[in-house]
Amino acid sequence: NYIFSSGPITAAIPLFFKSKRNTILEIRDLWPDGGFEMKKIPKVFSKPLFFIQKKLYESAGKIITCSPSQRKYILDNYPELLNKIHTVEHGIDFRILDFSLSYNQNITEHKNKYWIVVGTFGFIHNPYKWLELAQNIIKLDQNIKIVLIGSGPLFNDIKSKIYLNKINNIILTGQLSK
């Protein structure tokens with residue numbers, strides 16, 4: 001049995017060479033879609049990359065997405081995949097709650113409510129949306145904190161913007177090892 005995990009779809013190309021019934025393709029990112037949307041991949045590559053994407057999806061025995069919206073997006077484009085695509089959402093790692101003690105905040109005894117987000121601070125993921133959300137949430141409820149767990153190329157920029165904009169309802173943990 002084989003499990004292929006796909007950020008960039010090229011990571012799953014070995015799937016072409018395996019028996020379909022023994023394979024699972026995990027979709028973490030909608031790629032190349034996101035790359036085109038963010039203008040990170042020139043449009044001239046759209047036909048070959050979407051061809052590869054379709055062939056990978058067809059070659060997989062099962063497809064697992066990380067969110068219902070990813071599943072819906074894929075099915076909107078490839079409805080024939082309905083019987084082999086499933087969603088397994090990211091859960092909460094309770095070690096995160098223990099990690100919060102290093103920030104002198106005991107989440108389980110605090111009056112605050114926590115919105116925990118695990119992800120990559122990359123261009124395709126648009127982590128800046130969490131800054132905007134935090135600034136809107138604070139107006140509604142000052143007891144809601146957003147805990148951002150992860151790392152990536154935009155992590156330091158996000159950290160800087162939180163400091164410069166004095167956003168005090170975001171907690172950044174950085175990358176946590178598994």
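Participant: Please provide a residue-by-residue account of the overall build of the chain, values included.
Facilitator: Helix and strand counts for the chain stand at six helices and seven strands. Tracing the chain from N to C terminus, the helices and strands come up as β-β-α-α-β-α-β-α-β-α-β-α-β. Burial analysis of the chain (178 residues in total) assigns 38% to the buried set. Taking the contacts inside the chain whose residues are at least 6 apart along the sequence as the reference set, 58% of them involve residues at least 24 apart. When the accessible surface of the chain is split by element, carbon and sulfur atoms take 56% of a total near 11,200 Å².

Participant: Tell me what's going on with the packing of aromatic side chains, and back it up with residues and numbers.
Facilitator: This model, assessed by the stated rule, comprises three aromatic pairs. Geometrically, the ring pair formed by Tyr-57 and Tyr-78 is edge-to-face, given 5.4 Å between the ring centres and 85 degrees between the ring planes. One end of the pair, Tyr-57, is in helix H2 (residues 46-59); the other, Tyr-78, is in the loop between helix H3 (68-77) and strand S4 (85-87), and 21 residues separate them in sequence. Like Tyr-57, the residue Tyr-78 is buried in the burial classification. Seen in terms of ring centroids, Phe-121 and Phe-155 are 5.3 Å apart; in terms of plane orientation they differ by 85 degrees. Their pairing is edge-to-face. With Phe-121 in the loop between strand S5 (113-118) and helix H5 (128-140) and Phe-155 in helix H6 (residues 155-164), this pair connects stretches of sequence that are 34 residues apart. By relative accessible area, which is 15% here, Phe-155 ends up buried.

Participant: Tell me what's going on with the nonpolar core, and back it up with residues and numbers.
Facilitator: Ranked by internal contacts, the top residues of the largest apolar core, which has 15 residues, are Phe-121, Ile-146, Leu-148, Ile-162, Ile-170 and Leu-172. Here this core takes four residues from H5, the largest share from any one element. In this view, Phe-121 contacts Pro-127, Leu-148, Ile-149, Gly-150, Ser-151, Gly-152, Pro-153, Leu-154, Phe-155, Ile-158 and Leu-172; residues no more than four positions away in its chain are not counted. Counting residues in each nonpolar core, the second largest holds 11 residues, with Ile-63, Tyr-78, Leu-81 and Ile-85 among its members.

Participant: Run through the sheet that holds strand S7 (residues 170-174), naming residues and quoting values.
Facilitator: Either a parallel or an antiparallel arrangement is found when strands of a sheet pair, and the pairing is made through backbone hydrogen bonds. Strand order in the open sheet formed by three strands is S5-S6-S7, with parallel pairing between adjacent strands. One side of each edge strand has no neighbouring strand; the edge strands of this open sheet are S5 and S7. Strand-to-strand twist of the sheet, defined as the mean angle between neighbouring strand axes without regard to direction, takes the value 20 degrees. Sheet topology note: the S5/strand S6 (residues 144-149) ladder contains six bridges and is parallel. The residue of S6 that forms the bridge with Lys-113 is Ile-144. On top of the sheet, H5 reaches S5, S6 and S7; it is set at about 165 degrees to S6, its chief contact.

Participant: So what's going on with the confidence of the model for the chain? Residues and values would help.
Facilitator: Of the residues in the chain, 74% reach a pLDDT of 70 or more, and the chain-wide mean stands at 78. Per-element mean pLDDT across the chain ranges from 52 in strand S1 (residues 2-6) up to 95 in H6.

Participant: Requested: an account of the environment of Val-117, with residues and values cited.
Facilitator: Inspection of the secondary structure assignment puts Val-117 in strand S5. For Val-117 and Ile-149, which are 32 residues apart along the polypeptide, the C-alpha to C-alpha distance reads 6.0 Å. Apart from residues lying up to four places away in sequence, Val-117 is in contact with Trp-130, Ile-146, Val-147, Leu-148 and Ile-149.

Participant: Run through unusual backbone geometry, naming residues and quoting values.
Facilitator: With the exception of glycine, the majority of residues adopt a negative phi angle, and the majority of peptide bonds are in the trans configuration. Its identity as a non-glycine residue notwithstanding, Lys-166 has a phi of 50 degrees, on the positive side. Take Lys-166: it is sitting in the loop between H6 and S7. We classify Lys-166 as exposed; its relative accessible area is 73%.

Procedures and definitions
Residues numbered from 1 in each chain as written. Predicted model: local features only at pLDDT ≥ 70, side-chain atom pairs only at ≥ 80, totals over all residues. Heavy atoms only, no water. Helix = DSSP H or I, 4+ residues; strand = E, 2+ residues; numbered from the N terminus. Buried < 20%, exposed > 50% of the residue type's maximum accessible area, 1.4 Å probe, protein only. Contact = heavy atoms within 4.5 Å. Areas by Shrake-Rupley, 256 points an atom, 1.4 Å probe, with all protein chains shown as cover. Phe/Tyr/Trp six-rings, centres within 6.5 Å; stacked < 30°, edge-to-face > 60°. Core = buried A, V, L, I, M, F, W, Y, C linked by side-chain atoms within 4.5 Å. Pairing = 2+ DSSP bridges. Axes fitted to C-alpha atoms, helices over the stretch in contact; angles between N-to-C directions. pLDDT = per-residue confidence, 0-100.

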